[in-house]
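# Analysis of the macromolecular model
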Amino acid sequence: MNKDLHNYIIQLGDNSLILGHRISEWCGHGPVLEQDIALTNIALDHVGQARMYYQLAATMEPGKTEDDYAYLRTVTEYKNLLLLEQENKDFGYTIARSFYYDQFHLLILRVLKSCGNKDLSEIAAQAYKEVSYHCRFSSDWVKRLGDGTEESHRRIQRALDEFFPYTAEFFAPSEADNYMAGKYGVDLSKLSSQWSVIVENIVREATLTMPTTPYPQLGGKQGRHSEKLGFILTELQYMQRTYPNSTW
Amino acid sequence: MDNLKEKAFQDKIDQDTRIEPKDWMPENYRKALIRQISQHAHSEIVGMLPEGNWVTRAPNLRRKVALLAKVQDEAGHGLYLYAAAETLGVSRDDLIDQLHTGKAKYSSIFNYPTISWADMGTIGWLVDGAAIMNQVPLCRCSYGPYARAMVRVCKEESFHQRQGYEILLTLSRGTEAQKQMLQDSVNRWWWPSLMMFGPSDSDSPHSAQSMAWKIKRFSNDELRQRFVDACVDQARILGVTLPDPDLKWNEERGHYDFGEIDWDEFWQVVKGHGPCNKDRIETRVKAYEDGAWVREAATAYAEKQAKRKEKVA
Ligand SMILES: [Fe+2]
Ligand SMILES: [Fe+2]
């Protein structure tokens, strides 16, 4: 098995699953019925994408299933970005988290879509359509909240500020990322400036200020997570841990 | 004058002509519909909570996706139904306010807790199943927008029911612990599901008028009987016992006889004192209040955008 490629696919799957999990926590609690439905839709997309990546990973590792990756790994084995495990807090934080990630996610998928790995490019092509919508949703809300009321402006600015340090991890390559850059041209260093331009433009249009920080938060890709992931997994894995080896 | 209008209205109903929003209708018909449709909409929305509860804990990814999609369908049902109610001249905000202040009711079934994964199956099988029994006749309801909303809703509800039953089938073929989980869940949900059809015909205050207006087509007891008849075989296939010692086939009637519902429990929950009434409303109110700043922002932004357009034009 190609360990780097496998790790990379798991990284993608974990990002999708953990963000999908967080967004799914909104289900039934959204600020308006229409947004409740939209958030659930987005959560569904993410979990659906996680399944495609895990299924692909499972083809490389005989005897594994998609559920083994989701339900039977520990915190330190998960490789998702730290940003994505951060709590929903309020609608503003939820939007800020998605906004930063969606724009990055779209850039990655654009490269993967036409990369030389056929399996990955097929998944990326489908995910690309979904994530284009995610980008529209989150950036529209950044604008609405930024240029809405004084309160919403303050709240979304605070959320953008607080989550910004986690965005450095997008572009800090893991071993798997380096492998993908060398083999398939998925070069994170090239995406960094593109991401900054896109994000800054939207932030400015939303009458907000682009945060800066000299103190990045890193480690998710290497399994060094925040305390929050353990609680996510406790909930996510409850059934499989309590009733091992059962069919559901 | 109104008598003439009223007669023309009843003639239409008797000829099965649909009543549409712009048509004249008696005030009480309008009120009865608003009450029923809004209750129905609220039930969809509150009904998202007991199942939404298990989204983060679903036992595998396939089930997680299916459950999320189901709860999302229920939100969609709420949306169509609020829209149908709005055609009668009430606003969604007012209706939601009635829910939050306890003036409006929703289906009591959602005041019971979901404490095991099996409950996701049982709710699909019994609760969506009972909802289908109640709602299929509503597809022919005299009020057009409600009838049309119900056609869409019923299609999805039968999908939910099959999905729920399939969850239970899987449990029935599983380990001892899974079988126990299944039986326990059916024990808890059977009677509350029978209560979903409402009070006995003799105690149902709105029924006679609703039948004359063809808002309702069958009585509570008729629908309940159909439901019981349908469930017995399905329970047998699952290998579960329905928790009613009086349940047995009555050759003469051609139906199953069943025991008496605990009406004290029924009224207790209806009046707001079931296991989860307070939690459910508190959760809805909290979501609404927490979302106030978001709704305000969206309104303010839309107004600014409209003004900017004006300036450009
Ligand atoms: Fe529904
Ligand atoms: Fe349903």
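Above this text you will find the structure in question.
A quick note: this is a predicted structure, and the numbers were derived from the prediction, not measured.

Conventions used here
- Residues numbered from 1 in each chain as written.
- Chains lettered and ligands numbered in written order.
- Predicted model: local features only at pLDDT ≥ 70, side-chain atom pairs only at ≥ 80, totals over all residues.
- Heavy atoms only, no water.
- Helix = DSSP H or I, 4+ residues; strand = E, 2+ residues; numbered from the N terminus.
- Rg over C-alpha atoms; globule rule 2.2 N^0.38 Å.
- Buried < 20%, exposed > 50% of the residue type's maximum accessible area, 1.4 Å probe, protein only.
- Contact = heavy atoms within 4.5 Å.
- Buried area = accessible area lost by both parts, 1.4 Å probe.
- Salt bridge = Lys/Arg side-chain N within 4 Å of Asp/Glu carboxyl O.
- Polar contact = N/O pair within 3.5 Å; in protein donor to acceptor, adjacent residues only side chain to side chain.
- Donors = N, O, S within 2.8 Å, 3.2 Å for Na, K, Ca; no water.
- Tetrahedral: all angles 85-135°; square planar, octahedral: opposite > 155°, others 65-115°.
- Axes fitted to C-alpha atoms, helices over the stretch in contact; angles between N-to-C directions.
- Left-handed = near helix turned anticlockwise from the far one by under 90°.
- Nonpolar A, V, L, I, M, F, W, Y, C, P; charged D, E, K, R; others polar.
- Expected span 1.5 Å × (residues − 1).
- Patch = residues over 30% accessible without salt bridge, like charges linked within 9 Å, V, L, I, M, F, W, Y side chains within 5 Å.
- Areas by Shrake-Rupley, 256 points an atom, 1.4 Å probe, with all protein chains shown as cover.
- Lys, Arg positive; Asp, Glu negative; His and termini not counted.
- Charge placed at Lys NZ, Arg CZ, Asp CG, Glu CD.
- Core = buried A, V, L, I, M, F, W, Y, C linked by side-chain atoms within 4.5 Å.

## Looking at the overall build of chain A
Counting its secondary structure elements, chain A contains 11 helices and 0 strands. Against the compact-globule benchmark of 18 Å for 248 residues, chain A has a radius of gyration of 18 Å, which places it among compact chains. Projected onto its principal axes, the C-alpha positions of chain A cover 55 × 40 × 30 Å. A burial count over chain A gives 60% of its 248 residues as buried. For chain A, contacts bridging at least 24 residues in sequence account for 81% of all contacts bridging at least 6.

## Observations concerning the interface of chain A and chain B
Listed by partner, the interface residues are 47 residues for chain A and 46 residues for chain B. Summing both partners gives a buried area of about 4000 Å² for chain A against chain B, and 69% of it is carried by carbon and sulfur. On the surface where chain A and chain B come into contact, there are 3 salt bridges. Ionic pairing is found between R308 of chain B and D147 of chain A, a salt bridge with its closest N-O pair at 2.9 Å. Where chain A touches chain B, the interface holds 15 residue pairs in polar contact (both at pLDDT 80 or more).

## Some details on the coordination of the iron ion (ligand 2)
Residue and element names in this part refer to chain B. Listed as protein donors to the iron ion (ligand 2) are E74 (OE), D128 (OD), E157 (OE) and H160 (ND1); their distances from the metal cover 1.9 to 2.3 Å. Here the iron ion (ligand 2) is ringed by 4 donor atoms whose angles at the metal span 86 to 148°, and the overall shape comes out irregular. If you list the donors of the iron ion (ligand 2) from N- to C-terminus, the spacing comes out as E-x53-D-x28-E-x2-H. The two metals, the iron ion (ligand 2) and the iron ion (ligand 1), are separated by 3.5 Å and share E74 as a common coordinating residue. Taken together, the positions of D128 in helix α6 (residues 118–135) and E157 in helix α7 (residues 144–172) put the pair 29 residues apart, joining distant regions of the chain. Summarising the burial analysis for this pair, D128 and E157 share the class buried.

## A short note on the packing of helix α4 (residues 61–86) of chain B against α6 of chain B
Residues and elements named next belong to chain B. Following both chains from N to C, one finds α4 and α6 inclined at 35°, their axes separated by 12 Å at the closest point. At the point where α4 passes α6, the crossing takes the left-handed sense. Taken together, the residues of α6 that come into contact with α4 (itself represented by L67, K70 and E74) are M120, I123, G124 and D128. In terms of residue class, the contact of α4 with α6 is built from 3 nonpolar, 1 polar and 3 charged.

## Examining the coordination of the iron ion (ligand 1)
Residue and element names in this part refer to chain B. Taken together, E44 (OE), E74 (OE), H77 (ND1) and E157 (OE) make up the protein donors of the iron ion (ligand 1), found 2.0 to 2.2 Å from the metal. Because the angles between the 4 donor atoms bound to the iron ion (ligand 1) fall within 85 to 143°, the donor set is best described as irregular. Mapped onto the polypeptide sequence, the residues donating to the iron ion (ligand 1) form the spacing pattern E-x29-E-x2-H-x79-E.

## What about helix α1 (residues 2–14) of chain B?
Since one α-helical turn is 3.6 residues long, residues separated by three or four positions face the same way. Taking 1.5 Å per residue as the helical rise, α1 of chain B with its 13 residues ought to reach 18 Å, and the 18 Å between its terminal C-alpha atoms agrees with that figure. Looking one or two residues past α1 of chain B, D16 of chain B carries a phi angle of roughly 60°, positive in sign.

## Some points on a negative patch on the surface
All names here are of chain B. Residues E86, D93, D94 and D97 make up a contiguous surface patch of negative charge. For the negative patch, the element with the most residues is helix α5 (residues 92–100), which contributes 3 residues. Tracing the backbone shows D94 in helix α5. Among the residues examined, D94 registers a relative accessible area of 47% and is labelled partly exposed.

## Quick look at the pattern of salt bridges
Residues and elements named next belong to chain B. Across all of its chains, the model carries 28 salt bridges over all chains by this definition. Put simply, D257 and R253 hold a salt bridge, and the shortest N to O gap is 2.8 Å. R253 gets classed as partly exposed once you look at its relative accessible area, which sits at 40%. Each of E51, K70, E74 and D128 takes part in salt bridges that share partners, so that together they form one network.

## Notes on the nonpolar core
Of all hydrophobic cores here, the largest spans 175 residues; its most connected members are Y100, L112 and L120 of chain A together with Y29, W117, W125 and Y143 of chain B. Looking at this core element by element, the count peaks at 15 residues for helix α2 (residues 33–60) of chain A. Excluding anything up to four places from it in sequence, L120 of chain A contacts L5, Y8, I9, L12, Y53, L56, L112 and M180 of chain A.

By themselves, these are just geometric observations and shouldn't be taken as functional.
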